[in-house]
Structures are given as C-alpha cells and as structure tokens.
Amino acid sequence: MPLISFSGIAFADEWEISGSFSAETRIFPDDPAFSDQTDEAVSPSLVIEPEFVYEWNKNQDRITVTPFVRWDADDDNRSHVDLREASWLHISDEWDLVVGVSKVYWGVTESRHLVDIINQTDAVEDIDGEDKLGQPMINLNLIRDWGTIGLFILPRFRKRTFPADNARLRGPIPIDVDNATYESSRKENHVDGAIRWSHTLGDWDIGLGYFQGTSREPRFLLATNNGRPVFVPQYDLIDQTSLDIQLTTDATLWKLEAISRGGQGRRFTAAVVGLEYTLFGVSETSSDLGFLIEYLYDDRDITMAPFVFTDDDIFFGTRLSLNNTQNTAFLAGAIIDRHSKETLFFLEAEHRLSDHWKFEMQGRFFINIPDESFNAGFREDSFLNLSFSRYF
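Residues numbered from 1 in each chain as written. Predicted model: local features only at pLDDT ≥ 70, side-chain atom pairs only at ≥ 80, totals over all residues. Heavy atoms only, no water.

**Q** Looking at this structure, I do not really get the confidence of the model for the chain. What am I missing?
**A** Caution applies to low-pLDDT parts of the model: their predicted coordinates are not meant to be read in detail. The predicted model of the chain has a mean per-residue pLDDT of 95, with 97% of residues at 70 or higher. Within the model, the stretch residues 1-7 combines pLDDT values under 50 with 17 contacts to residues more than four positions away or in other chains. (pLDDT = per-residue confidence, 0-100. Contact = heavy atoms within 4.5 Å.)

Structure, rendered in structure tokens:
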C-alpha cells in the first residue's frame, strides 16, 4: 500500500515519487527600456519538477530521474524542458560512481559562485546564477581518510540559456543563442574533464579543483542577424584551478572562493572572501539572525574574457530564520560597486503554508545604474517574483 508523505509516495520501499508543481508570477514595476521588449507588467508561468527514484541492492544502487518543465506566458526561451537529473548512482564503502545526467555543486560563498563550474547556468530561470542545467557525466568519487577525490568526465557541453529577443532581462542587444560559436572544432561534443579534492580538517572544509574544457561562461561577439545587431555567444577552451575554504569558529563562518583561469586572453584571477556571523536565539526566541559581508575581486581583461559585473564590489546581507514549524526565512542583500556605487539588491522569503504548500518570494532590483554602465540595459527590469508550490 502506498505511503503518502510530504517527501513523496513510496512503493514497496523501492520506488519513490516526489516533486513539486508551482504557479509563479513576475511583476515588473517599470516600463521596458527598449521598444521591442514585451511591456507586460505581470508575467505568469507554470513549473513542474517531479523526481522518480528507484533503489535496490540494499540501497547501494539508485536511479534518479528529475525532469524540469516551465511554461512562460511572455518569454519563449523561458518556456523550456530540461533533464536536471537522469543518473545511476552506485555506493560502495570506499567509492561511489554516478553515470548519466546530474548536478554537482562546488563552493561556499553567498554572493558569487566562482568555483562552481561543472554544470551550465540556466539563465532564464533567474539572474543569480544558482539554477543549473543537468550535465552528462561520469563521476567517480574515491573516499579516503585523507580526503575525497572526485574525477569527472563530461562528454557533452550544454549552451547557456538566455531570454528571448523580445523578453525582459535580455539586456541592451538580443543574444543569438542558435548561432553560438566554439573554439573547439568538436563544438558541443568536446569532452571536458575535472578533478577535485575535498576534505574536512577540524573546523576547516577545503576543496581544491581543476577543470579543463569548454568554458560555461561565454564571451559575446557583436554581429548582425537580418541587419539587426546581436550578440553571438563564443565558448572558449579554458583551464581553471580553484580553491574553496570554509572555517567554522563558534558563530562565524569564514569563507573563500578563488580561481585562476587561462584560455581567455591573459591568465586572470578572481576571488570572493568574507564571513557570515549568526546571532542564535535572538531576543530569547527560537529565531537566528545572520550578517554577511563579502568582497568580490576579478582582474580579467574584458576585451578577451567574458564580461563580469563584480570585479571590485562589496556584498552586504542579512539572513533571518524563524525556526518555526512553517520554516519561515528571509534573506536580503546588496552587491555594490565600490567606484560607481551601482547596486544589485535582492530579497528572498519563504514560508510553508501547510504540509504540502509553500510560498516563496524573490525580488531583484537594479539601483543607481549610470548610463555608461553595461547594466544600464537592465535597470528598467527590476522585478518581484511570487511563487506558490504544491509538493507531492
């Protein structure tokens, strides 16, 4: 007899079906900056993301399939289907193996995920870079007393998604996704590779990685399409060494992500360093209040490497967790350019309405953007996203 719970439906201790269905609305308070962009102030969309899991061999083997489907009323490119995961996992005492499509996350910082390079960004989902496309891979993890070695073979490259030509958040010039160019003659079929060592030493969590292959971050080449200016994504071959460290000392988390990348002009470095300090049990309640600060640095040559907004910026943020039965939580923060003072402010909140329903809110606001900034193309696209999700 099926067992129905918040996490899903289990059959005979082998099959489990879970997931969510969401109704979302983006609200744009300002008119678009460009006449060829849609001027709808309210833009609805629907999302379904089920997960099918089958386990056997005393849970040492698992197949996971997680399709993702979004329908968007105003952005044709945001209406898309993806396989976030379709993989087989085998777990052994000293190693585990993943074969298929999967997602892997590297990193510790809040404002920018520098070292997270395995999966491609799904940029039509949000502008924060946290949503990822599923990546075909063979991932072998060797587990030892002195750390875990992760080996990755990545046989298929996936292009970054971007908003449609007439959509909001598309920037000053449309992006011609279909005519993307590649440094490799094998294009999407170039086989990439990566290796990562990770370990916990007392209060230290350390990760050291190396990636070689097609950059997930494209450059943009100016071209024309039917006489209209467009940006064409160019995907270069790169090598990247990365380091991520988190040190836990009482109520403070000290964080660092740093990379060194070659292949896009001269070799450059980038880093995010900062801390998160938490006050537990604020005012003798169950609530926790955290304060975050990070510095973002990047010395790339943007004439040869992908443009980046955060090359000399400060991030301030605060996180409030009520720790109640509804899992109510808030996160707010701002990334501020130290020279121009242009600011990206974000606001996030979530609240569980019942065992199966959840409300979420995300706000992305462009503030004090000067005319000469590349961000000027986005300054009219501040938005608030409201989401009601049904979990099954």
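**Q** Explanation requested: the sheet that holds strand β14 (residues 228-235) in the structure shown.
**A** Strands pair in a sheet through their backbones, by hydrogen bonds, and they do so in one of two ways: parallel or antiparallel. With mixed pairing, the three strands of this open sheet are ordered in space as β10-β14-β13. Both edges of this open sheet fall to β10 (181-182) and β13 (219-225), since each of them pairs with a single strand only. Inspection of the sheet shows β13 paired to β14 by seven bridges, in the antiparallel sense. Directly across from L221, in β14, lies its bridge partner V232. (Pairing = 2+ DSSP bridges. Helix = DSSP H or I, 4+ residues; strand = E, 2+ residues; numbered from the N terminus.)

**Q** Mind showing me how you'd approach the environment of G262 here?
**A** Checked against the element boundaries, G262 lands in strand β16 (residues 252-262). The spatial distance from the C-alpha of G262 to the C-alpha of I238 is 5.6 Å, given a sequence separation of 24 residues. Not counting chain neighbours up to four residues away, the residues in contact with G262 comprise L237, I238, D239 and R267.

**Q** I keep staring at the packing of aromatic side chains and nothing clicks. Help me out?
**A** Aromatic rings considered in pairs are described by the distance between their centres and by the relative angle of their planes. Under the definition given, this model contains 18 aromatic pairs. Between F28 and F383, the ring centres sit 5.8 Å apart and the planes meet at 45°, which makes this aromatic pair tilted. One end of the pair, F28, is in the loop between β3 (15-27) and β4 (42-56); the other, F383, is in strand β23 (residues 383-391), with 355 residues separating them in the sequence. Classification of F28 by relative accessible area gives buried; the value is 6%. Accessibility expressed as a relative area gives 1% for F383, which makes it buried. Plain terms: the ring middles of F359 and F388 are 5.0 Å apart, the flat faces sit at 45° to each other, and that makes the pair tilted. In this pair, F359 sits in strand β22 (residues 357-367) while F388 sits in strand β23, placing the two residues 29 residues apart along the sequence. Pairwise contacts between aromatic rings join F307, F309, F366, F374 and F378 into one cluster. Over the aromatic face of F68 sits the side chain of R84, whose NZ or CZ is 4.1 Å from the ring centroid. (Phe/Tyr/Trp six-rings, centres within 6.5 Å; stacked < 30°, edge-to-face > 60°. Buried < 20%, exposed > 50% of the residue type's maximum accessible area, 1.4 Å probe, protein only. Lys NZ or Arg CZ within 6 Å of the ring centre and 35° of its normal.)

**Q** I'm lost on the pairing of strand β19 (residues 312-321) in this one. Help?
**A** Every other side chain in a regular strand lies on the same face of the sheet, so the side chains alternate between the two faces. Of the pairings in the sheet, the one linking strand β18 (residues 288-298) to β19 comprises ten bridges and is antiparallel in character. Within the sheet, the bridge partner assigned to G290 lies in β19 and is R319. Bridge count for β19 against strand β20 (residues 329-337) is nine bridges, and the pairing is antiparallel. Paired with F315 across the strands is I335, a residue of β20.

**Q** What is the right way to look at a nonpolar patch on the surface in this model?
**A** Nonpolar side chains collect at one region of the surface, where W56, I63, W88, V99, I138, I153 and V191 lie side by side and expose about 540 Å² of accessible area between them. Tracing the sequence through the fold places V191 in the loop between β10 and β11 (192-201). (Patch = residues over 30% accessible without salt bridge, like charges linked within 9 Å, V, L, I, M, F, W, Y side chains within 5 Å. Areas by Shrake-Rupley, 256 points an atom, 1.4 Å probe, with all protein chains shown as cover. Salt bridge = Lys/Arg side-chain N within 4 Å of Asp/Glu carboxyl O.)

**Q** Could you clarify how one ought to interpret the environment of N139 in this entry?
**A** By the element assignment, N139 lies in strand β8 (residues 135-144). The class for N139 is buried, based on a relative accessible area of 5%. Along the backbone, N139 and L89 are 50 residues apart, and their C-alpha atoms lie at a distance of 9.4 Å. Sequence-distant contacts of N139, defined by excluding residues within four places in its chain, comprise D96, L97, V98, G150, L151 and F152.

**Q** What am I meant to see in the environment of L208 here?
**A** In this fold, L208 is placed in strand β12 (residues 204-214). What makes L208 partly exposed here is its relative accessible area of 42%. Taking the C-alpha atoms as reference points, L208 and I245, separated by 37 residues in sequence, lie 8.8 Å from one another. Sequence-distant contacts of L208, that is, excluding residues within four places in its chain, are made with I195, R196, W197, S242 and L243.

**Q** Help me out: how do you make sense of the nonpolar core in this one?
**A** In globular proteins that are soluble, nonpolar side chains generally tend to be buried together. Core analysis: the biggest nonpolar cluster contains 23 residues, and W106, I118 and F152 have the highest contact counts within it. Broken down by secondary-structure element, the contributors of at least two residues to this core are β9 (147-154), β17 (268-280), β18 and β20. When neighbours within four sequence positions are excluded, F152 is seen to be in contact with V104, W106, I118, M137, I138, N139, D192, G193 and A194. Core analysis: the next-biggest nonpolar cluster, separate from the first, contains eight residues, I175, V177, F231 and Y235 among them. (Core = buried A, V, L, I, M, F, W, Y, C linked by side-chain atoms within 4.5 Å.)

**Q** Sorry, what's going on with the side chain of E360 here?
**A** Topologically, E360 is positioned in strand β22. Buried E360, no salt bridge; nearest opposite-charge side chain is K358, N-O distance 4.1 Å. Non-local contacts of E360, meaning those with residues more than four positions away in its chain, are made with A349, E350, N385, L386, S387, S389 and Y391. (Lys, Arg positive; Asp, Glu negative; His and termini not counted.)

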